[in-house]
Amino acid sequence: DEDDEDDEDDEDDDDDFSNLVDKTISVGEKETIEKQDGNCNDASLPDFWLDMCQNIPTNASEYVNLQLNPERWTGYNGSHVWNAIYNENCFEKMGSLDEMCYEERVLYRLLSGMHASVNIHISLAYYPPSKKENRSTWAPNPERFMKQYGGHPDRLKNLHFAFVVMLRALRKAGPYIYNYPFDVGDDQQDEKTAILVRRMLDSHVMTNCQPVFEAFDESLMFRDGTELGLTSLKSQWKGIFQNISNVLDCISCQKCKLHGKIQWLGLGTALKILLLPEQMLAASLSRPELVALFNTVEKLSNAIHNVPYLTSKFQELQWQYRSSILSESATQKAAQPVDEAPPVPAPPSPSASNPIEYAAQPPGTLSPLARDVRRGSVETELQWAMKIVAEAAEKDSIAQSDEDKLIDLLMSRHENMMMLARTYAPLSPERFLRHATRYSVSV
């Protein structure tokens, strides 16, 4: 019996020195913890917006220098990711912007604005350096930009809208950010960063340009409706934002994912600032969120700044292309013998509505270029249509405004315009020009 008692004493001593954690908590303690954790799920409390960016983890063990990883073309096609973002979050089912409620429009326009920023930066740095092409730096692709935005000014408006939302967030968080300790490990850089941030917050745009900020008002959000309806709308709205954060994880291109998640985190931080009470900001914003906030402001600002640049580069390419076509046409005419008889009877004189003359083809035959067009070569049909427009312009048969509109539509590979080129240009240039001019008015 004594031995048994000694064994029991030894077991008690082992329990005292165990490395296991005692996880016992009282019922009251459990209820208090669950209440605190549940604040982000209670749409009636301001804490509801605290976990806005929880699906974008920022506690990574690795850090990267964003200046060494600029946003540009990587060869990755992310269209399936964007399709998933728009489709899985019911944006397609919501219909037009006019059919969406205010809160849905805000989220859609923010996403569209970010999408535009990403595409513009890719178009700015699309072609890599190449000795063969005598290119020492990354070069832009203005045709890509015009194809995506030449016929979609609404997407550029959404880019401006997203920028206004970011500026409103900066202005609201200004008192907190103004004296934020920007510690990057270099005293000179710390001082420079603080000076630049204060200069931005004290700038004319932030202090005096009130009309800029009136493009959006977060106080209008989640205001109309019953308490139950607003609770449901808030939960759905935050859920969509967080789901988009999850979809971004599907990007297999590491640099693309990096820039996509930083910009989405920046937008989420801005929304968090705007929807939280001002007195909660100081305790609610993390350093990674502020880093993303400033980087997203820079991205949107740079994209807006470069829209005129890409547009002007596209126009330069138009004139170069037009000049080359006119030069080629003049060379061919100069090389043709003056007294050589035409291979087929000359076409009748052009009417007043179609004053352009074109070399006729025998009935039922196609030129080699026309046969290429009928085979479906996009570049060939574009060249054919551009030549028709160029010759019409050379003869002053169309107004300059009509010429500019037709060139814009063709260079952006407008789907309906390319279909007209494929169908009419090979056999009847006059009818192509007539239908193309008439259609361009409605675009």
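It should be emphasised that the depicted structure is a prediction, and the values quoted were computed from it without experimental measurement.

Definitions and limits used
- Residues numbered from 1 in each chain as written.
- Predicted model: local features only at pLDDT ≥ 70, side-chain atom pairs only at ≥ 80, totals over all residues.
- Heavy atoms only, no water.
- Helix = DSSP H or I, 4+ residues; strand = E, 2+ residues; numbered from the N terminus.
- Contact = heavy atoms within 4.5 Å.
- Areas by Shrake-Rupley, 256 points an atom, 1.4 Å probe, with all protein chains shown as cover.
- Axes fitted to C-alpha atoms, helices over the stretch in contact; angles between N-to-C directions.
- Parallel < 35°, antiparallel > 145°, perpendicular 65-115°, else oblique.
- Left-handed = near helix turned anticlockwise from the far one by under 90°.
- Nonpolar A, V, L, I, M, F, W, Y, C, P; charged D, E, K, R; others polar.
- Disulfide = S-S within 2.5 Å.
- Salt bridge = Lys/Arg side-chain N within 4 Å of Asp/Glu carboxyl O.
- Buried < 20%, exposed > 50% of the residue type's maximum accessible area, 1.4 Å probe, protein only.
- Phe/Tyr/Trp six-rings, centres within 6.5 Å; stacked < 30°, edge-to-face > 60°.
- Core = buried A, V, L, I, M, F, W, Y, C linked by side-chain atoms within 4.5 Å.
- Expected span 1.5 Å × (residues − 1).

Asker: Sorry, what's going on with the overall build of the protein chain here?
Answerer: Looking only at helices and strands, one finds 17 helices and zero strands in the protein chain. When contacts within the protein chain are restricted to residue pairs at least 6 apart in sequence, those whose partners lie at least 24 apart make up 72%. Carbon and sulfur atoms provide 51% of the accessible area of the protein chain, an area that totals close to 26000 Å².

Asker: Would you mind showing me how to read the packing of helix α6 (residues 153-178) against helix α11 (residues 254-275) here?
Answerer: The relative placement of two packed helices comes down to the angle between their axes together with the axis-to-axis distance. The contact between α6 and α11 brings their axes to 9 Å, and the two run at 50°. The orientation of α6 relative to α11 falls into the category oblique. The two elements α6 and α11 cross, and the hand of that crossing is left-handed. Each of Val165, Met166, Arg168, Ala169, Lys172 and Ala173 in α6 lies in contact with α11, whose residues at this interface are Gly266, Leu267, Ala270, Ile273, Leu274 and Leu275. Classifying every residue of the contact of α6 with α11 gives nine nonpolar, one polar and two charged.

Asker: Explain the state of the cysteines to me, please; I cannot follow it from the model alone.
Answerer: Between two cysteines, a covalent bond joining their sulfur atoms is known as a disulfide. Considering all chains together, one arrives at one disulfide under this definition. Between the sulfur atoms of Cys253 and its disulfide partner Cys256 the distance amounts to 2.4 Å. Because the sign of the S-S torsion sets the handedness, a value of about 70° for the bond joining Cys253 and Cys256 places this disulfide among the right-handed ones.

Asker: Even after reading the chapter, I still don't get the pattern of salt bridges, so can you show me in this structure?
Answerer: If charged atoms from side chains of opposite charge come close, those side chains can pair. Summed over the entire model, instances satisfying the criterion amount to six salt bridges. The salt bridge partner of Arg168 is Asp217, with a shortest N-O separation of 3.7 Å. Residue Arg168 is located in helix α6, and its partner Asp217 is located in the loop between α9 (210-213) and α10 (227-247); the two are separated by 49 residues in the primary sequence. Since its relative accessible area comes to 13%, Arg168 is described here as buried. Taking the shortest distance from any N to any O, the salt bridge between Glu218 and Arg168 comes out at 2.8 Å. Of this pair, Glu218 sits in the loop between α9 and α10 while Arg168 sits in helix α6, and the two are 50 residues apart along the sequence. The class for Glu218 is buried, based on a relative accessible area of 16%. Here the salt bridges share partners, and the residues they tie into one network are Arg168, Asp217 and Glu218.

Asker: Whenever I open this one, the packing of aromatic side chains confuses me. Can you help?
Answerer: Aromatic rings considered in pairs are described by the distance between their centres and by the relative angle of their planes. Throughout the structure, instances matching the rule amount to 11 aromatic pairs. Geometrically, the ring pair formed by Trp73 and Tyr126 is stacked, given 4.9 Å between the ring centres and 20° between the ring planes. Taken together, the residues Trp73 in the loop between α2 (27-37) and α3 (79-88) and Tyr126 in the loop between α4 (102-124) and α5 (142-149) connect sequence positions 53 residues apart. By relative accessible area, Tyr126 is classed as buried at 17%. Their ring planes at 15° and their centres at 4.5 Å tell us that Phe241 and Trp264 sit as a pair that is stacked. Highlighted residues: Phe241 in helix α10 and Trp264 in helix α11, separated in sequence by 23 residues.

Asker: Even after reading the chapter, I still don't get the packing of α4 against α5, so can you show me in this structure?
Answerer: Between α4 and α5, whose axes approach to 8 Å, the crossing angle comes to 155°. Classified by the angle their axes make, α4 and α5 are roughly antiparallel. You can see that α4 and α5 cross each other, and the crossing is right-handed. Mapping the contact onto sequence places His115, Ala116, Asn119, Ile120, Ile122 and Ser123 in α4 and Arg144, Phe145, Gln148 and Tyr149 in α5. Taken together, the residues that form the contact of α4 with α5 break down as five nonpolar, four polar and one charged.

Asker: Explanation requested: the nonpolar core in the structure shown.
Answerer: Nonpolar side chains tend toward joint burial in soluble globular proteins. Core analysis: the largest hydrophobic core is formed by 104 residues, its most contacted members being Ile120, Ile177, Trp237 and Trp264. Leaving out residues up to four positions away in the same chain, Ile120 has contacts with Phe145, Tyr149, Leu156, Leu159, Ala303, Val307 and Leu310.

Asker: Honestly, α11 in this entry has me stumped. Any pointers?
Answerer: For an α-helix, 3.6 residues make a turn, and residues three or four places apart therefore share a direction. Taking 1.5 Å per residue as the helical rise, α11 with its 22 residues ought to reach 32 Å, and the 31 Å between its terminal C-alpha atoms agrees with that figure. In terms of burial, α11 is largely enclosed, as 17 of its 22 residues are buried.

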